[in-house]
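One-letter residues, chain by chain:
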Amino acid sequence: MLRMYLWLYVLFLYAPIVIIGMFSFHSSPSLVFPFDGWSLRWYEQIFASSTFRESLWNSVIVATAASIATSLLGATVALALIRIKGKMRDVIATICAAPIALPGLFLGIALVSGFAQAGMNRSLLTVTIAHVLYALPFFVATLRSRIDYFDSSLEEAARDLGATTWQSFHLVTLPILRPSIVGAAILVFALSFDELIITVFVSGNESTLPMMIWSMMRRTVDPTINAASMVALGLSLIVITIAGAIFWLQRRAAISSRTSDLRVEANDQVDSTTEQRPQSVRPVQGFE
Amino acid sequence: MRIIAGFEEPTSGTLKINGQNATSLPPEKRSVNMVFQRYALFPHLDVFDNVAFGLRLRKLPKDEVNKQVTAMLHLVQLESYSGRWIHELSGGQCQRVALARALVNQPNVLLLDEPLAALDLKIRHHMLRELKRIHEETGTTFVYVTHDQDEAMILSDRVVLMNKGEIAQLGSPQDLYAAPESLFCAKFFGETNILEGRVDKITSGVADISTPLFSAKGAARNAREGETVSISIRPEAMKLTGSDAPLLAGPNRLTGHVEDIVFIGNRVVYQVRHGDNLLSCQETRPVTGIQYTPGSHVHLNWPDEAVVVLTQ
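All residue numbers refer to position in the chain's written sequence, counted from 1. Throughout, the order in which chains and ligands are written sets their labels, letters from A for the former and numbers from 1 for the latter. Only residues with pLDDT of at least 70 are given local features in this predicted model, and only at 80 or more are side-chain atom pairs given and counted; all residues enter the totals for whole chains, interfaces and linings.

A few words on the overall build of chain B. The secondary structure content of chain B amounts to eight helices and 17 strands. As a rule, residues whose C-beta atom has 12 or fewer other C-beta atoms within 10 Å are exposed, those with 20 or more are buried, and those in between are partly exposed; C-beta atoms are placed from the backbone. Residues classed as buried in chain B amount to 35% of the 312 residues present. Across chain B, contacts joining residues at least 24 apart in sequence account for 60% of those joining residues at least 6 apart. Helix numbers and strand numbers start at the N terminus; a helix is a DSSP run of H or I with at least 4 residues, a strand a run of E with at least 2. Whether two residues are in contact is decided by their C-beta atoms, placed from the backbone, lying within 7 Å.

So this is what it looks like as C-alpha cells:
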C-alpha cells in the first residue's frame, strides 16, 4: 500500500516533466494524446525566434552578473563571520540568512518603489540588483556550515609562520573557502536563472527567459512553450548538477578530515614506501 | 602564550625576546613559532607544503626549501608522508607535522600549546619522548603549556607553575617537587600527604611541630614559633614496618592500621588510617610479596628531610 503510494507520489512529481518533455519533441502541434511521432521542429522554431534568443541571453547575463556580485558580497560576509566568536556569530549569521523567508512579492514591491525613489530606470541592471538581494541570504545560508567549522587558528598559524594579513588571506583563508564559494555561486546562478516574481516587478523592456515563457503562455498555448521550458530546465539542471557535485566532494573531504582524528596510529605502520614524493617540488599557488 | 606569539598585546608590562623588546611587534615579524593545540594544519596543502609554508614566505630558493623541509621531515620521522594530505594523517602524525612546520623556521622560541592534549594516552607517551628528543637535538627554547604535571616534569628544565594568572612558583622540576613553596604547588605536583600542625619550637632552623596525634620534625623554612602550618610528606618517603616491634618514642613516626592496598604493578600504595588522618604510603613492590592485609597494624616513619613545612 505504502509502496503504491510512493510510486503515485513519484508519478505526480515527474509526470509533468515527462509530458512536457515528450510534447516538446512532438511532430504535430497537438498538445494532447494520441502521440503522433517525434520531431525537433519546436526547438527549431523556438531558436529561430529572436525574442527567445534575446531573453535566454538576458537570463544568462543577469544570472552570471548576479552570481558574481552575490559571491563578492556574500564571501565578505562569510569572512566577517569567521572572525566573530561565540553566540554573536550565530545571531548575525541568522540575521543574514533570515530574508530567505521573505515573500518575492514583498521584495518586488519594495524594490519597485526603491528604484523609483532612487531615480533608476527599470532595466537588466535593476533585475540584477534585485536578484542579488534575493539570492544573498541563500548564499550566506549555504556558506554557513563551512564558516562554522572554519578553524580561525589557521589564519593565526599563517601569521605565526610569517604571513602578513593579506598573505594569510590569500594563501590560506581564500583557498580553503573557495570550493564552498563556487558551489554557492552556482546555486545563485540557478536561483536567478528561473526567478520570475521579483523580475516581473523590476524589469524594463528586456525580458528574461521565465518572463518570456510566461508571456507566451498568456497569448496562446503553443507547443514551442514546451521546447522553451525544456531549454530552461536543461540549463538549470546542468548548473545544479555541477553545484551538487561540488558539495558532495566537499562533504566527503570534510567527513574524512573529521574522522582522521579518531584514526589511531594505524597509519604509522603503513609501509613507508607506498607513497614517495616526486623529486620535483611543485610550488604552492600564489607564492611566486 | 598568545602574547609571546603576538596575537594579543599585554595590558601592562613588556615582552623581550633575546633581550629585544617585542611587545608590539606583529606575529609575522617575530622569531617565534607556535604548535597549536588543534595543530591548525592547512587542509588545502599536503604535508610537504605545510612544512614549507614559512620558508617559502621568506622567499628561500627552491632547492633550499626542498633541503630544509626534507631534513625536518626526517627529524620528525615523516619523510615518506610528504605527499599526504592532512586529512589522511593520524593525530600523532598531525602533531609531528605541526612541530616540523614550526621548527623548520628555526625560531628563537617554540611555543607549544598543550600539544598532546588531543592525543590518546599511548600516543601521548610516545610523542612526549619524541618531543624530548627533538628538544635536545635542536636546542631550541621550548615554552610548553600543559595541565599535565608529568609532561611538565619530564620535558622541562624550568617550570613556571601558574595559579589563577599568577606565578605560584618557578624552578626546576626537582625543586618544585621536593621543595614546594605553597600548598598549591605541593598538591599540584604528585601525590602527597598534607597534615596540619603547630610549630612548638624552632632550634637552629629545625622546627618541632605537633599535630593532634603525633609530632613531626623538619626544616622550619620561613615558619615562626607558635604558627599553624601545613606539612607535606611524600608517600614514597614513608616507611612501613610491621607492628610487632614496639613504636619508638620520638617525632616523625606513628602507628595506624592499613585501610586499603592499591597494587600498581611496580608500586604498592597503602592507605594507613591514623585517627582522622588517612595517609598514603608508597613502596616499590616487595619481591617477597605484599605482607600486609587491610586491618594490619603498622608503624610509619619518615626522615626529617621528608617533612616540608608550608606556611599558610
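When its secondary structure is counted, chain A shows 11 helices and zero strands. The order of helices and strands in chain A, counted from the N terminus, is α-α-α-α-α-α-α-α-α-α-α. Taken across its 288 residues, chain A has 29% of its residues classed as buried. Of the contacts made within chain A by residues no fewer than 6 positions apart, 77% connect residues no fewer than 24 positions apart.

With that out of the way, let us pick up helix α5 (residues 121–138) of chain B. Residue and element names in this part refer to chain B. The span one expects for a helix is its residue count, reduced by one, times 1.5 Å. With 18 residues, α5 should reach 26 Å at 1.5 Å per residue; the first-to-last C-alpha distance of 25 Å fits that figure. Buried positions along α5 lie against α3 (62–75), α4 (91–103) and α6 (149–155). Among the residues trailing α5, glycine 139 stands out with phi positive, at a value near 70°.

A word on the sheet that holds strand β8 (residues 193–203) of chain B. Residue and element names in this part refer to chain B. Paired strands, as defined in this entry, are two strands with at least two bridges between them according to DSSP. The five strands lie next to each other as β10-β9-β8-β11-β17, forming an open sheet whose pairing is antiparallel. Looking at which strands have only one partner, the edges of the open sheet turn out to be β10 (215–219) and β17 (308–311). With strand direction ignored, the average angle separating the axes of adjacent strands in the sheet is 45°. With four bridges connecting them, strand β11 (residues 228–233) and β17 associate as antiparallel partners. Interaxial angles span 0 to 180 degrees and are taken between N-to-C directions of axes, which are lines fitted to C-alpha atoms, for helices over the stretch in contact.

Here we take up the environment of tryptophan 85 of chain B. Within the secondary structure layout, tryptophan 85 of chain B lies in the loop between α3 and α4. As for tryptophan 85 of chain B and leucine 45 of chain B, which are separated by 40 residues in sequence, their C-alpha atoms are 6.6 Å apart.

This next bit is on helix α7 (residues 153–160) of chain A. In terms of residue burial, α7 of chain A counts as a mostly covered element, since seven of its eight residues are buried. Buried residues of α7 of chain A: Leu154, Glu155, Glu156, Ala157, Ala158, Arg159 and Asp160 of chain A, and no others. Buried residues along α7 of chain A sit in contact with α8 (165–193) of chain A together with α1 (2–5) and β3 (32–35) of chain B. Following α7 of chain A by one or two positions, glycine 162 of chain A adopts a phi angle in the positive range, close to 110°.

The next subject is the nonpolar core. Residue and element names in this part refer to chain B. A set of buried Ala, Val, Leu, Ile, Met, Phe, Trp, Tyr and Cys residues, joined through C-beta atoms within 7 Å, is what we mean by a nonpolar core. If you look at the biggest cluster of nonpolar residues, it comprises 50 residues, and the most contacted ones within it are Val51, Val69, Val97, Ala98 and Ala100. Ranked by residues supplied to this core, first place goes to α4 with seven residues. For valine 97, the residues in contact, after removing those within four places along its chain, are Leu41, Val47, Asn50, Val51, Leu78 and Leu89.

Time to look at unusual backbone geometry. Residues and elements named next belong to chain B. Of note in this structure, lysine 59 is not a glycine but carries a positive phi near 60°. For lysine 59, the position within the fold is in the loop between α2 (47–57) and α3. The exposure class of lysine 59 is exposed, given the 9 C-beta atoms found within 10 Å.

Glancing now at the sheet that holds β3 of chain B. Residues and elements named next belong to chain B. Strand order in the open sheet made by the three strands is β3-β4-β5, with parallel pairing throughout. For this open sheet the edge positions go to β3 and β5 (141–145), each flanked by a neighbour on one side alone. Taken over all neighbouring pairs, the strand axes of this sheet differ in orientation by 20° on average, direction set aside. Pairing analysis gives four bridges linking β3 to strand β4 (residues 109–113), with the strands arranged parallel. In the sheet register, valine 35 faces β4, and the bridge partner there is leucine 112.

With that settled, consider the packing of helix α4 (residues 87–97) of chain A against helix α6 (residues 124–148) of chain A. Between two packed helices, the angle of one axis relative to the other and the distance separating the axes together describe the packing. Residues and elements named next belong to chain A. Closest axis-to-axis distance for the α4/α6 pair is 7 Å, and the angle between their directions is 140°. Between α4 and α6, the contacting residues are Ala93, Cys96 and Ala97 on the first element and Pro137, Val140, Ala141 and Arg144 on the second. A per-class count over the contact of α4 with α6 returns six nonpolar, no polar and one charged. Throughout, the ten residues Ala, Val, Leu, Ile, Met, Phe, Trp, Tyr, Cys and Pro are labelled nonpolar, Asp, Glu, Lys and Arg are labelled charged, and all others, Gly among them, are labelled polar.

Moving on to the environment of glutamine 68 of chain B. Residue and element names in this part refer to chain B. Tracing the sequence through the fold places glutamine 68 in helix α3. Linking glutamine 68 and valine 104, residues 36 residues apart in sequence, is a C-alpha distance of 6.9 Å. Contact partners of glutamine 68, with chain neighbours within four places excluded, come to Leu55 and Val104.

So, on to the confidence of the model for chain A. Confidence of the predictor at the level of single residues is given by pLDDT, which spans 0 to 100. Of the residues in chain A, 85% reach a pLDDT of 70 or more, and the chain-wide mean stands at 79. Between residues 258–288 of chain A, whose pLDDT stays under 50, and residues either more than four places distant or in other chains, the model counts 36 contacts.

All right, on to the environment of histidine 297 of chain B then. Summarising the element assignment, histidine 297 of chain B is placed in strand β16 (residues 297–301). Separated by 24 residues in the primary sequence, histidine 297 of chain B and arginine 273 of chain B place their C-alpha atoms 9.6 Å from one another.

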